[in-house]
Amino acid sequence: MIRINDNFLLLPESYLFSEVARRVKEFQEENPEVKVIRMGIGDVTRPLCKAAIEAMHKAVDDEAETATFHGYGPEQGYSFLRDKIADFDYHKRGIDISSDEIFIGDGAKSDLGNFFDILAQDNTVAVTDPVYPVYVDTNVMGGRGGKRDGEHHDGIIYIPINKTNGYVPQLPKQRPDVVYLCSPNNPTGTAMTRNELQKWVTYAKEEGCLILFDSAYESFIHSENVPHSIYEIEGAKEVAVEFRSFSKTAGFTGVRCGYTVVPFALKGLDSEGNEVSLNRLWNRRQCTKFNGASYISQRAAEAVYTPEGRSQIKETIEYYMENARMMRESLTETGFEVIGGVDSPYIWLKTPIGMTSWEFFDYLLKTHGIVGTPGSGFGAEGEGYLRLTAFNTHEATKEAMLRMHN
Ligand code: PLP
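Owing to the predicted nature of the structure, the values given are computational and were not obtained by experimental measurement. (Residues numbered from 1 in each chain as written. Predicted model: local features only at pLDDT ≥ 70, side-chain atom pairs only at ≥ 80, totals over all residues. Heavy atoms only, no water.)

A. Quick look at the nonpolar core. Formed by 52 residues in total, the largest nonpolar core has its most connected members in Ile211 and Phe252. It is helix H3 (residues 79-90) that contributes the most residues to this core, 6 residues altogether. Setting aside residues no more than four positions away along its own chain, phenylalanine 252 makes contact with Leu48, Ala52, Phe246, Ser247, Cys257, Ser297, Ala300, Ala301 and Val304. (Core = buried A, V, L, I, M, F, W, Y, C linked by side-chain atoms within 4.5 Å. Buried < 20%, exposed > 50% of the residue type's maximum accessible area, 1.4 Å probe, protein only. Helix = DSSP H or I, 4+ residues; strand = E, 2+ residues; numbered from the N terminus. Contact = heavy atoms within 4.5 Å.)

B. Region of the structure containing the pairing of strand E7 (residues 178-182). Within E7, 5 of the 5 residues are buried, which leaves the element mostly enclosed by the surrounding structure. Examined bridge by bridge, strand E3 (residues 125-129) and E7 share 2 bridges and lie parallel to one another. Looking at E7, one finds that valine 125 is bridged to valine 178. Alignment of E7 against strand E8 (residues 210-214), held across 5 bridges, turns out to be parallel. By the bridge assignment for E8, tyrosine 180 is matched with leucine 212. With respect to chirality, the unit in which E7 leads through helix H6 (residues 194-207) into the neighbouring parallel E8 is right-handed. (Pairing = 2+ DSSP bridges. Right-handed = clockwise from strand over helix to strand, strands pointing away.)

C. Looking closely at the sheet that holds E3. One open sheet accounts for 7 strands, arranged E2-E10-E9-E8-E7-E3-E6; its pairing is mixed. With partners counted over all chains shown, the strands left at the sheet margins are strand E2 (102-105) and strand E6 (156-160), one partner each. Sheet twist, expressed as the mean angle between neighbouring strand axes with direction ignored, is 20 degrees. Sheet strands touched by H3: E2, strand E9 (240-245) and strand E10 (258-261). Its angle to E2, the strand with the most contacts, is close to 115 degrees. Running over the sheet, H6 touches E6, E7 and E8 and is turned about 150 degrees from E8. (Axes fitted to C-alpha atoms, helices over the stretch in contact; angles between N-to-C directions.)

D. Just the packing of aromatic side chains, in detail. Across all of its chains, the model carries 25 aromatic pairs by this definition. Aromatic side chains tyrosine 78 and tyrosine 295 sit 5.5 Å apart centroid to centroid with 75 degrees between the ring planes, which places their arrangement in the edge-to-face category. Of this pair, tyrosine 78 sits in the loop between helix H2 (50-63) and H3 while tyrosine 295 sits in helix H9 (residues 295-303), and the two are 217 residues apart along the sequence. Taken together, a centroid distance of 4.9 Å and an interplanar angle of 90 degrees make the contact between tyrosine 320 and phenylalanine 391 edge-to-face. In this pair, tyrosine 320 is assigned in helix H10 (residues 307-334) and phenylalanine 391 in the loop between strand E17 (385-389) and helix H12 (394-405), connecting sequence segments 71 residues apart. With a relative accessible area of 1%, phenylalanine 391 lands in the buried category. Grouped by ring-pair contacts, the aromatic residues Tyr217, Phe220, Tyr319, Tyr320, Tyr346 and Phe391 constitute a single cluster. Its guanidinium or amino end placed over the ring of tyrosine 319, arginine 46 lies 3.8 Å from that ring's centre, counting from NZ or CZ. For the cation-ring pair, lysine 92 lies above phenylalanine 88, with the distance from its terminal atom to the ring centre recorded as 4.8 Å. (Phe/Tyr/Trp six-rings, centres within 6.5 Å; stacked < 30°, edge-to-face > 60°. Lys NZ or Arg CZ within 6 Å of the ring centre and 35° of its normal.)

E. Quick peek at the sheet that holds strand E16 (residues 373-374). What the 4 strands build is an open sheet, ordered E13-E14-E17-E16; its pairing is antiparallel. Strands at the two margins of the open sheet, each flanked by one partner only, are strand E13 (338-340) and E16. As paired elements, E13 and strand E14 (residues 346-350) share 3 bridges and run antiparallel to each other. For valine 338, the partnering residue across the bridge sits in E14 and is leucine 349.

F. Main features of the packing of helix H1 (residues 16-30) against helix H11 (residues 357-368). It is at 11 Å that the axes of H1 and H11 come closest, and there the two elements cross at 30 degrees. Relative to H11, H1 is oriented roughly parallel. Considering the relative orientation of H1 and H11, their crossing is right-handed. Across from Leu16, Glu19, Val20, Arg23, Val24 and Phe27 in H1, the residues of H11 making contact are Trp358, Phe361, Asp362, Leu365 and Lys366. (Parallel < 35°, antiparallel > 145°, perpendicular 65-115°, else oblique. Left-handed = near helix turned anticlockwise from the far one by under 90°.)

G. Expanded view of unusual backbone geometry. Residue proline 130 is bonded to the preceding aspartate 129 through a cis peptide linkage, with omega at 5 degrees. Note that proline 130 resides in the loop between E3 and helix H5 (133-141). With an omega of 20 degrees, the peptide bond running from asparagine 186 to proline 187 counts as cis. With respect to the helices and strands, the residue proline 187 is situated in the loop between E7 and H6. Its identity is not glycine, yet tyrosine 167 carries a phi of approximately 60 degrees, on the positive side.

H. Representation of the layout of surface pockets in the model. Its boundaries defined by the atoms lining it, the largest pocket holds a volume of some 1,300 Å³. Phe17, Tyr132, Pro133, Val134 and Phe378 are, among the 45 residues lining the largest pocket, the residues nearest its centre. Elements supplying a minimum of two residues to the lining of the largest pocket: H1, helix H4 (108-114), E3, H5, strand E5 (152-153) and helix H7 (246-250). Sorting elements by how many residues they give to the lining of the largest pocket places H5 first, with 4 residues. Of the residues belonging to the lining of the largest pocket, the class tally is 19 nonpolar, 15 polar and 11 charged. A domain split of the lining of the largest pocket shows at least three residues from each of domain 1 (14-43 + 308-405) and domain 2 (53-305). (1 Å grid on protein atoms, 1.4 Å probe; cavity = no way out; pocket = protein on both sides within 12 Å on 5 of 7 lines; lining within 4 Å. Points joined across faces, edges and corners; volume = space filled by probe spheres on them. Nonpolar A, V, L, I, M, F, W, Y, C, P; charged D, E, K, R; others polar. Domains from an automatic or database assignment.)

Structure follows, in structure tokens:
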């Protein structure tokens, strides 16, 4: 019989969202009259903007005619989209990133999971705790997790983000080869300032580390001193890969489109100590294992950069951020300790004294009919917190806040 990748057996069952769903289902069956408000999901709820929809209709029509039909596209993405990204997301912010450093994909998750294809197997990895679970699980699958030791894998370096450090990842005592940073952060909703990010870039340069920078929530940034891109920081092009997504920016969670920036300045060492361009290797990897994001998705993403598209997605983001503002204000007034929600659609709520994340989850569900996500599901440091999202409607968000106030 075929042998399997044993590393998969080291992964914990993906218990968090299935357990949330099980408890909600059970509650709803026992209390069918309660209108449950879901504030646990990390998915958007508002439809795609009109500009993207029109562009998709047009792209479908293109596919119907021989003259405009598009079959396989470039593995790196169409230049009509790469050029727009380079221009709007980088040049207009004073960042010198060229189209050839941008790789279009089907969302950030795949690229975050796949990037290690081009790195040595035995690189040590650091993640924050709490963390977006994809970073940990892909490394466990790749054999870098070591043994499981309670909540942690002993091959991975965990950097706590908690009240003591102001929910900002501090430089680790043990040097990692690769570190995942997510800002604005899922799940804590906090974002790293220019100074904080500068510390990491300087550290990475001095120590020869690679930063995998996930800025899937970049478009939610409102604070002046929070960089939208890690390349706003001097020297970052030599140490960082940036992962971006149209999922939360423009409602593409179902359509699927994102991109990864691998600067030409970024180099790694081969086993003989020679410098090799990571851009070259990633390009090779994509050409071999990926056939490009769909033409229709890429046309939709392109439309997000038109004047109409830009104003339409801004309106939707502001809609969610109005929910976040409402939640922050109301929960603070109710007496909760509230983190995040200023530069991100996530609120990280401290549980009332003595309650674990799951106890608070059950309390909110049973007393108020509100569903959150237990913070302990994102890591040991998440114990004693609950994540709420701002992706619901104004009406449901307001109703939830009223329920929690009473
Ligand atoms: N990175 C973070 C931090 C996320 O929260 C998510 C999705 O929830 C992703 C990446 C994945 O996004 P995508 O839909 O582009 O795969």
